[in-house]
Structures are given as structure tokens and as C-alpha cells.
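The lines below spell out each chain.
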Amino acid sequence: MLETSARLLALLSVLQSRPAWSGPALAERLGVTARTVRNDVERLRQLGYPIEGVRGPAGGYRLGPGAKLPPLLLDDAEAVAVAIGLRAATGVAGIEESSASALAKLEQVLPHHLRRRVEAVTQTVSAGPVNTDSNVEDPEISHDTLARIADAIRDHEQLRMEYEGARLDVEPYRVITWQRRWYLVAREASSGTWRALRIDWAELNGMPQPRYTPRPMEEEDYITFVVREVASAGWSVHTRITVAAPADEVRARINDAVGVVEAIDDETCVLVTGGDSVEIIAVYIGMLGLDFQVDSPPELVEQVRLLGRRYAAAAAGPAAAVAPTGEGE
């Protein structure tokens, strides 16, 4: 049988693994009697750990919130998973520093063999650049903003914000992170219209707001809604392109998240899409492999012309490639 101190740590570890345990289940898991479980629970309570009694036919226990943080007992796989997760955290201002601090604290309290393994992971694993498809720096949001939104969703409290030059009152429901951007799915309080709002474009009002009665979407619909909305309205640059191909052919060449395709006739369609910059969009539409015409914006028209001159000069050879802009054939 385990010594008392080891048994108490084992009991804490088991209580952390799920919300509630019956007394008999704990006794079986630890290989002790139900009386020993009751005595060990009482010892933990005396040490300041909030072990709560669970009512029910068989009774039980759960680890409640309290002033003392119990030892966090991780097995090898859990410790490595936490280390990798802390190193991979991005997108929230200051998260890298907080993650590094948390990782240092984790390494300090781990047993020797686990500390060596976590150190090996952190010293031998490096992350390459995440943003390799954009010439625009990824936006960050503050942890205070994210926490304010999360609290409002939990408490069914409206949010007031300045968004794209206008004041907006919304009922928040879900935060979705997609393609290195953070979006809030919310209803406009006045009209009931669903919105997918870029959190980095919003300036939240910190004053308390009225509560609302939730009318949520189906669970799986939030991500689908964000993807669809971003395709038509969530980019920094929006564009309209006429493509000389049937709508079905264009849809087969793009992801639904990239844009909305509208048929004009059997041989022509319009692609409404966007991106973080005209440079990105110009390259992307060239990858369609279809003839097209840019309808808007004018900046994209100029960017396509510039790319055309560059490609023509590159195809003509070195002499043409170094010719001043507009002089290459």
C-alpha cells in the first residue's frame, strides 16, 4: 500500500482527472478501502484543498475552487503537450511572454525525468513562420479584449463597440479563430442581424451593458457562418472579378471560404472575393488558370497591370527584364 503522502498526491491526481468521483470508485482506483478514502479526503481538507461532497445515492467527491492551487500532476505525455501548446500560442498581444513565463514555472516544478523531456522538446523544436501567404503583418488582440468578450458571452451581456467608424451594440455568442484572425459571432441588438466581426477592428466600451436572452445558432453553424461571411465581407480589400468560365468550373477551383461565385450566363460568372492586400489578390486570381477581368477596385487593376509587365519582361529574357517599367515588350 502507498505511504500516506504518496496516497494523498495520487488522490489529488485522480480528483483532477474528471469533475466528480464516487467514494467506491475512488477506493477501487487507488486500491484502498472507502474508509481510507474518507480519511484522506479529510487530511486534504485540513491542508486547505477544497474537496467538496457530492450528493447522490452513492455520494462522492469533487475538487472545488479555493485559495490554494493543488499540485498539478502531469504524466509524461501531458507535460510534453502543455510545453508544445505554450510554445505555439500566438495571436494575442503579450501571449508569447506569458507562455514563456508559464513554461519556465512548469519546468521548475516537474520531476527530473519530466523536466529533462520538456527541456528536450523546447530546445529541439522550433516553429517556422506562420504567415507565409501574406505581405501584411498578422493582427494581434489584447488578452483583456478577449477576456471581456468571453465574460460577456458567459454572462449573456451585450457589448458596445466602435466598429468601422460606427457604434454597434451586439449580443455576443462565440469567438472563432480562423486563418490567424479572431472573429466574434454576434447579433446586432437593434436588428437581430447576425455578424462576423473582426475583433482587431473593434474598440470595446468597458462599461456594463444590458443582459440579453440568448438565441444561439446550432453549435456547428458558428464556424460555417464565419467562413461564409469572411468570404464576402471580412477582408481588408474587397474585389469583384468577371471570369470567362461557367460558375460551376470556378467553384470547383476554389474553396467556398475564398469567395462567392455568381453566374452571369452559361459561360461567364462573377467572383466576389478579397484579401489582406491587392498584391495577394492579384497573385491568387492568376492561379485560377482562367481568363478574367477585374471590375473593382481600381488599385487591383493597376496591380494586375504591373504583374503583367513583370511577367512579360521575365519571359522576354534578361535584357527586357531590366528595362524601365513600361518599356519592356
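Draft legend 1. Inspection of the packing of helix α1 (residues 4-16) against helix α2 (residues 23-30) at higher detail. Where α1 contacts α2, the two axes come as close as 11 Å, and the packing angle between them is 125 degrees. What the angle tells us is that α1 and α2 run oblique. Considering how the two elements wind past one another, α1 and α2 form a crossing that is right-handed. Residues Ala-10, Leu-11, Val-14 and Leu-15 of α1 touch α2, and the partners they reach there are Leu-26, Arg-29 and Leu-30. Here the contact of α1 with α2 is composed, by residue class, of six nonpolar, no polar and one charged.

Draft legend 2. Examining the nonpolar core more closely. Of all hydrophobic cores here, the largest spans 19 residues; its most connected members are Val-243, Val-250, Val-261, Cys-269, Leu-271 and Leu-300. Where this core is concerned, the elements lending two or more residues are β10 (237-243), α9 (247-253), β12 (268-275), α10 (278-286) and α11 (298-316). At four residues, α10 tops the list of elements feeding residues into this core. Sequence-distant contacts of Val-243, that is, excluding residues within four places in its chain, are made with Val-250, Glu-267, Thr-268, Cys-269, Leu-271, Leu-290, Asp-291 and Phe-292. Formed by 16 residues, the second largest nonpolar core is a distinct cluster that contains Trp-21, Leu-30, Val-32 and Val-37.

Draft legend 3. Representation of empty space enclosed by the protein in the model. Applying the stated rule across the entire model yields one cavity of 30 Å³ or more. In this model, the largest cavity occupies a volume close to 40 Å³. Lining of the largest cavity is provided by Ile-149, Met-161, Tyr-163, Leu-184, Leu-197, Arg-198, Ile-199, Ala-202 and Leu-204. When contributions to the lining of the largest cavity are tallied by element, the ones reaching two or more residues are β5 (159-163), β8 (194-198) and β9 (202-204). Looking at side-chain class alone, the lining of the largest cavity contains eight nonpolar, no polar and one charged residues.

Draft legend 4. Up close: helix α7 (residues 143-155). In this model α7 runs 18 Å from its N-terminal to its C-terminal C-alpha over 13 residues, within 8% of the 18 Å that 1.5 Å per residue would give. Listed as buried for α7 are Arg-148, Ile-149, Ala-152 and Ile-153. Mapping the buried residues of α7 onto a view down its axis gives an arc of 135 degrees, with all of them on the same face. Exposed residues lying more than 90 degrees from the buried face of α7 are His-143, Asp-144 and Arg-154. The secondary structure elements touched by the buried residues of α7 are β5, β6 (166-178), β7 (181-188) and β9.

Draft legend 5. Region of interest: helix α6 (residues 112-124). Look at α6: 18 Å from first C-alpha to last across 13 residues, which is about the 18 Å you get at 1.5 Å a residue. Among the residues of α6, those classed as buried are Leu-114, Val-118, Val-121 and Thr-122. Buried residues of α6, seen end-on, are gathered within an arc of 95 degrees and therefore sit on one face of the element. Exposed and facing more than 90 degrees away from the buried side of α6 are His-112, Arg-116, Gln-123 and Thr-124.

Draft legend 6. A look at the packing of α10 against α11. Running from N to C, α10 and α11 cross one another at 60 degrees; their axes reach a closest spacing of 9 Å. As the angle between them shows, α10 and α11 are arranged oblique. Where α10 crosses over α11, the two elements pack in a sense that is right-handed. Where α10 abuts α11, its residues Val-278, Glu-279, Ile-281, Ala-282, Val-283 and Ile-285 lie against Glu-299, Leu-300, Gln-303, Val-304 and Leu-307. Broken down by class, the residue content of the contact of α10 with α11 amounts to eight nonpolar, one polar and two charged.

Draft legend 7. Representation of the pattern of salt bridges. Scanning the model with the defined rule gives 16 salt bridges in all. Two residues, Arg-45 and Glu-42, come together in a salt bridge whose shortest N-O distance is 3.8 Å. Here Arg-45 and its partner Glu-42 are both found in helix α3 (residues 34-46), three residues apart, which amounts to about one turn of the helix. Its relative accessible area of 34% is what places Arg-45 among the partly exposed residues. For Glu-42, a relative accessible area of 38% gives the class partly exposed. Here Arg-148 and Glu-157 are joined by a salt bridge, their closest N and O atoms 3.4 Å apart. Accessibility expressed as a relative area gives 18% for Arg-148, which makes it buried.

Draft legend 8. Looking closely at the side chain of Gln-303. Here Gln-303 shows up in helix α11. The residues touching Gln-303, leaving out its near neighbours within four places in the chain, are Val-278, Glu-279 and Ala-282.

Draft legend 9. Region of interest: unusual backbone geometry. Omega for the bond connecting Ser-296 with Pro-297 falls within 30 degrees of zero, at 0 degrees, which places this linkage in the cis form. Within the chain, His-156 stands out as a residue other than glycine whose phi angle is a positive 55 degrees. Among the secondary structure elements, His-156 is positioned in the loop between α7 and β5. The phi torsion at Glu-164 lies on the positive side, around 50 degrees, for a residue other than glycine.

Basis of the calculations
- Residues numbered from 1 in each chain as written.
- Predicted model: local features only at pLDDT ≥ 70, side-chain atom pairs only at ≥ 80, totals over all residues.
- Heavy atoms only, no water.
- Axes fitted to C-alpha atoms, helices over the stretch in contact; angles between N-to-C directions.
- Helix = DSSP H or I, 4+ residues; strand = E, 2+ residues; numbered from the N terminus.
- Parallel < 35°, antiparallel > 145°, perpendicular 65-115°, else oblique.
- Left-handed = near helix turned anticlockwise from the far one by under 90°.
- Contact = heavy atoms within 4.5 Å.
- Nonpolar A, V, L, I, M, F, W, Y, C, P; charged D, E, K, R; others polar.
- Core = buried A, V, L, I, M, F, W, Y, C linked by side-chain atoms within 4.5 Å.
- Buried < 20%, exposed > 50% of the residue type's maximum accessible area, 1.4 Å probe, protein only.
- 1 Å grid on protein atoms, 1.4 Å probe; cavity = no way out; pocket = protein on both sides within 12 Å on 5 of 7 lines; lining within 4 Å.
- Points joined across faces, edges and corners; volume = space filled by probe spheres on them.
- Expected span 1.5 Å × (residues − 1).
- Arc of directions from axis to C-beta.
- Salt bridge = Lys/Arg side-chain N within 4 Å of Asp/Glu carboxyl O.

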